[in-house]
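Geometric and topological summary
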Amino acid sequence: METEKVVSETEELPKTIVRRVVKDKLHDCSPDTDISVHKDALLAFSESARIFIHYVSATANDICKESKRQTINGEDVLKAIEEIDFPELMGPLRASLDEFRQKNAGKRAGASKSKEEKKKQKVEKEPSEKSGKSKKDKVNKENDD
């Protein structure tokens, strides 16, 4: 008789990603040896990560509610990690969050600049489209007068 799956498929972490993360970390720890990971071990890693995510999520949600907000932000997650006694994760997490914010700030600046240029082009085209004449036609008419 088969045992029932306790976790729904929507809550499962992708096995290939879990495998890659575990293998990369094991390779970093001992680059000279090729350590294989049994299926059961991958399942245990996956379940551990899932439970950890649930725990951090619940703690971050509590922190968010205490601040009378409805959206969990990065700082809430960092506080949650600290609150559940994983201070050794604070440095790497803070660095990752800062890097993410810098990348997004660059993307946002580029996107807003692009939006501004498109808006400017649209504004320049609108008057000429309404009259049926292009800007070039208007300039040529002014020069003829």
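Summarised in this report is the structure supplied together with it.

Reading guide: rules and limits
- Residues numbered from 1 in each chain as written.
- Predicted model: local features only at pLDDT ≥ 70, side-chain atom pairs only at ≥ 80, totals over all residues.
- Heavy atoms only, no water.
- Helix = DSSP H or I, 4+ residues; strand = E, 2+ residues; numbered from the N terminus.
- Buried < 20%, exposed > 50% of the residue type's maximum accessible area, 1.4 Å probe, protein only.
- Contact = heavy atoms within 4.5 Å.
- Areas by Shrake-Rupley, 256 points an atom, 1.4 Å probe, with all protein chains shown as cover.
- Expected span 1.5 Å × (residues − 1).

This part takes up the overall build of the protein. Each helix and strand counted, the protein has five helices and zero strands in total. Starting at the N terminus and walking to the C terminus, you meet the elements of the protein as α-α-α-α-α. Here the protein holds 145 residues, and 14% of them are scored as buried. Long-range pairs, those at least 24 residues apart, make up 34% of the contacts in the protein between residues at least 6 apart in sequence. Accessible surface computed for the protein: about 12500 Å², of which carbon and sulfur atoms make up 54%.

In this section: the side chain of T59. Of note, T59 is situated in helix α2 (residues 39-66). In contact with T59, other than residues within four places in its own chain, are A80, E83 and I84.

Moving on to α2. Between its terminal C-alpha atoms α2 stretches 41 Å, which fits the 40 Å expected from 28 residues at 1.5 Å a residue. Within α2, burial applies to L42, S46, R50, V56, T59, A60, I63 and C64. The elements touched by buried residues of α2 are α1 (15-29) and α3 (74-83). Within two residues after α2, K68 carries a phi angle of roughly 60°, on the positive side.

Keep in mind these values describe shape, not function.
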